[in-house]
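Observations on the three-dimensional arrangement
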Amino acid sequence: MEGRQSSIQSEEEESKRAFCLIDQLSMGAKNFKYVILGGGVSAGYAAREFAKQGLKPGELAVISKEAVAPYERPALSKAYLFPESPARLPGFHVCVGSGGERLLPDWYKEKGIELILNTEIVNADLPGKTLVSGSGESFKYQTLVIATGSTVIRLTDFGVKGADAKNIFYLREIDDADKLYEAIKAKKNGKAVIVGGGYIGLELGAVLKINNLDVKMVYPEPWCMPRLFTSGIAAFYEGYYQNKGVKIIKGTVATGFTADSNGEVKEVHLKDGTVLEADIVVVGVGGRPLTTLFKGQVEEEKGGIKTDAFFKTSVPDVYAVGDVATFPLKLYNEIRRVEHVDHARKSAEQAVKAIKASEEGKTVEEYDYLPYFYSRSFDLSWQFYGDNVGETVLFGDSNPATPKAKFGTYWIKDGKVVGAFLEGGTPEENQAIAKVARAQPPVASLDQLAAEGLSFACKI
Ligand SMILES: Cc1cc2nc3c(=O)[nH]c(=O)nc-3n(C[C@H](O)[C@H](O)[C@H](O)COP(=O)(O)OP(=O)(O)OC[C@H]3O[C@@H](n4cnc5c(N)ncnc54)[C@H](O)[C@@H]3O)c2cc1C
């Protein structure tokens, strides 16, 4: 009996202590009118838009697990890894990537925006409007903008043997790029294997070659970037890379790795039985949006957080932008998630405009996005606008041996051009293909379109 009473007492004390702790936490919680969760591309562009629209000091916080202020992420797989004069912060903080003002950490201070870095949010209570960090700090908000972006898919996720060896790299954040940069220096003139033939694979294949490593690329598909490239487009890039000395191995996958006595990767085993020597392995096999914190609390679709044309989610006062948002793509009358920097910037601006307008009982126009992707590697540079569906027409000179090759592809659906790709275009020519993809002009015949090539776009 005595024992039972003392256990009841201790339960009561325990629950008193827990309540006390919650009280302390919420008393100690930092309160903001607006919180942007994430410190990447969308976060930076959203912060700039908040400042543009009018912000009182202390109203806005940006919470990021990264140690640095928002920057233009695409630089990490390009100039950041150059052997000579690599890009370094503060050079590529947002918003330089779109020709805008560079927002240094002092800019946030001047605007009275709290930049809370090195802080990972591990718990999000959307009904309670509270975020809690790994170190137990609480943040309360009136309006939340989710801008957590994506994370990489790891080979260890699939239990690939030896995939936890040292010098197997992934690339998402600046810390990853720093580690890779150090390894490139340490393994001078060594052997690199790139696993994956998408964006990251192609850009990393080029930059590692520029660093004078012996580069091999491995991917299972019949050609690189199959989600966007046609076989005709891919043939140019594969030929170009091969001419630069990059070896391409297609139609097989990495099934395991062996390490040396220091635990550093030494060999890559392929499904077809080939064994490749490697000092460095870079894996680029895709990403997934970081939505786990909000599971069960917000409506999701197509792997992302479902939003309307103002990036408002199913939860009041919660917006989602950038890679995590599944939004209505008005032009094609469907909903999509887009993992590209241009959309990260524009969706962030749209959400903030909508938030500010709604406070005044006003509305803004619906998001009307024209998909735009680009990439640069070696001395190549391509842009794509629109939708890559339907029949295709390749035009121009796509011989990989031609110096300064210029070629492109149109996608034609229901007799109209709906997408356009151009390698080596001038700013004006790129503008022209963007205009075509938006205007969707009718096409008389595919042969005529092929013959007209770029001039078709230039006359729209
Ligand atoms: C190496 C690389 C090269 C790329 N190159 C191109 C390119 O050439 N062209 C192109 O169109 N696109 C490119 N992209 C894609 C583009 O960068 C992304 O689409 C864009 O960055 C998405 O912006 P975002 O703000 O949604 O996410 P991100 O920029 O990824 O930002 C997300 C931020 O949220 C933080 N975060 C996540 N979870 C938490 C948490 N729980 N607590 C606190 N902080 C958190 C992250 O640390 C990060 O700072 C590239 C991407 C990478 C990784």
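This structure is a prediction, so every number in the text was calculated from the model and none was measured.

This part is about empty space enclosed by the protein. By the definition in use, this model includes one cavity of 30 Å³ or more. Contributing to the lining of the largest cavity are 13 residues, with Leu202, Tyr241, Ser375, Ser377 and Trp382 lying nearest its centre. Elements supplying a minimum of two residues to the lining of the largest cavity: α5 (199–210), α6 (231–243), β22 (372–377) and β23 (380–386). In terms of residue class, the lining of the largest cavity is made up of eight nonpolar, three polar and two charged.

Buried residues dominate strand β25 (residues 407–413), accounting for six of its seven residues. The sheet contact formed by strand β24 (residues 391–396) and β25 spans six bridges and is antiparallel. In the sheet register, Glu391 faces β25, and the bridge partner there is Ile412. Note that β25 and strand β26 (residues 416–423) share seven bridges and pair antiparallel. If you follow Ile412 over to β26, its bridge partner there is Val417.

In the numbering adopted here, UniProt assigns the feature "domain: FAD/NAD(P)-binding" (unreviewed entry) to residues 32–348. In the segment residues 32–348, helix accounts for 21% and strand for 28%; the C-alpha atoms at its two ends are 18 Å apart.

This part takes up the domain arrangement of the protein chain. Note on interface size: it is often stated as the accessible area lost on association of the parts. When its domains are assigned, the protein chain resolves into domain 1 (28–151 + 289–359), domain 2 (155–285) and domain 3 (379–458). Taking only C-alpha atoms, the centre of domain 2 and the centre of domain 3 are 30 Å apart. Each side of the interface is counted separately: domain 2 has 14 residues, and domain 3 has 17 residues. Across the domain 2/domain 3 interface, buried area totals approximately 1300 Å², and carbon plus sulfur atoms make up 72% of it.

With that settled, consider the site of the ligand. Neighbouring the ligand are 35 residues, the closest being Glu66, Lys78, Arg172, Glu173 and Asp323. Within the side chain of Asp323, an N or O atom sits 2.8 Å from an oxygen atom of the ligand. His340 places a side-chain nitrogen or oxygen 3.2 Å from an oxygen atom of the ligand. Compared with its free state, where it exposes 990 Å², the ligand has 96% of that area covered by protein. Within the residue set of the shell around the ligand, elements represented by two or more residues are α2 (41–53), α5 and α7 (341–359). Sorting elements by how many residues they give to the shell around the ligand places α5 first, with three residues. Tallied by class, the residues present in the shell around the ligand amount to 14 nonpolar, 11 polar and 10 charged. For the shell around the ligand, the two domains that each supply at least three residues are domain 1 (28–151 + 289–359) and domain 2 (155–285).

In the numbering adopted here, UniProt assigns the feature "domain: Monodehydroascorbate reductase 3-like C-terminal" (unreviewed entry) to residues 370–457. Secondary structure across residues 370–457 comprises 27% helix and 39% strand; the distance between its end C-alpha atoms is 16 Å.

Another point: α6. Taking 1.5 Å of rise per residue, 13 residues should cover 18 Å, and α6 covers 18 Å from first to last C-alpha, within 8% of that figure. Those residues of α6 lying buried are Ile233, Ala234, Phe236, Tyr237, Glu238, Gly239, Tyr240 and Tyr241. Directly after α6, the chain includes Gly245, whose backbone phi takes a positive value near 100°.

As a further point, take the environment of Gln242. Position of Gln242 relative to the elements: it lies in helix α6. C-alpha separation for the pair Gln242 and Lys216, spaced 26 residues apart in sequence, amounts to 9.8 Å.

Looking at the second largest pocket, its volume works out to about 570 Å³. Considering the residues around the second largest pocket, the lining is formed by 30 residues, among which Pro74, Gly97, Arg345, Tyr374 and Arg376 are closest to the centre. Secondary-structure elements contributing two or more residues to the lining of the second largest pocket are α2, α5, α7, β22 and β23. Of the residues forming the lining of the second largest pocket, the biggest block, five residues, is contributed by β22. Its residues assigned to classes, the lining of the second largest pocket shows 14 nonpolar, seven polar and nine charged.

Its place among the elements puts Lys78 in the loop between β2 (60–63) and α3 (105–110). One polar contact links Lys78 to Glu203, side chain to side chain, over a distance of 2.9 Å. If sequence neighbours within four positions are ignored, Lys78 has contacts with Glu203, Val207, Tyr374 and Arg376.

Taken in spatial order, the five strands make up an open sheet running β22-β23-β26-β25-β24, and their pairing is antiparallel. For this open sheet the edge positions go to β22 and β24, each flanked by a neighbour on one side alone. With strand direction ignored, the average angle separating the axes of adjacent strands in the sheet is 15°. Packing of α6 onto the sheet brings it into contact with β22, β23, β24, β25 and β26, and relative to β25 it is tilted by some 160°. Across the sheet, helix α8 (residues 427–439) touches β23, β25 and β26, and the angle it forms with β26 is around 160°.

Criteria and thresholds
- Residues numbered from 1 in each chain as written.
- Predicted model: local features only at pLDDT ≥ 70, side-chain atom pairs only at ≥ 80, totals over all residues.
- Heavy atoms only, no water.
- 1 Å grid on protein atoms, 1.4 Å probe; cavity = no way out; pocket = protein on both sides within 12 Å on 5 of 7 lines; lining within 4 Å.
- Points joined across faces, edges and corners; volume = space filled by probe spheres on them.
- Helix = DSSP H or I, 4+ residues; strand = E, 2+ residues; numbered from the N terminus.
- Nonpolar A, V, L, I, M, F, W, Y, C, P; charged D, E, K, R; others polar.
- Buried < 20%, exposed > 50% of the residue type's maximum accessible area, 1.4 Å probe, protein only.
- Pairing = 2+ DSSP bridges.
- UniProt positions renumbered as here; feature names shortened; annotations may be inferred.
- Domains from an automatic or database assignment.
- Contact = heavy atoms within 4.5 Å.
- Buried area = accessible area lost by both parts, 1.4 Å probe.
- Near = heavy atom within 4 Å.
- Polar contact = N/O pair within 3.5 Å; in protein donor to acceptor, adjacent residues only side chain to side chain.
- Areas by Shrake-Rupley, 256 points an atom, 1.4 Å probe, with all protein chains shown as cover.
- Expected span 1.5 Å × (residues − 1).
- Axes fitted to C-alpha atoms, helices over the stretch in contact; angles between N-to-C directions.

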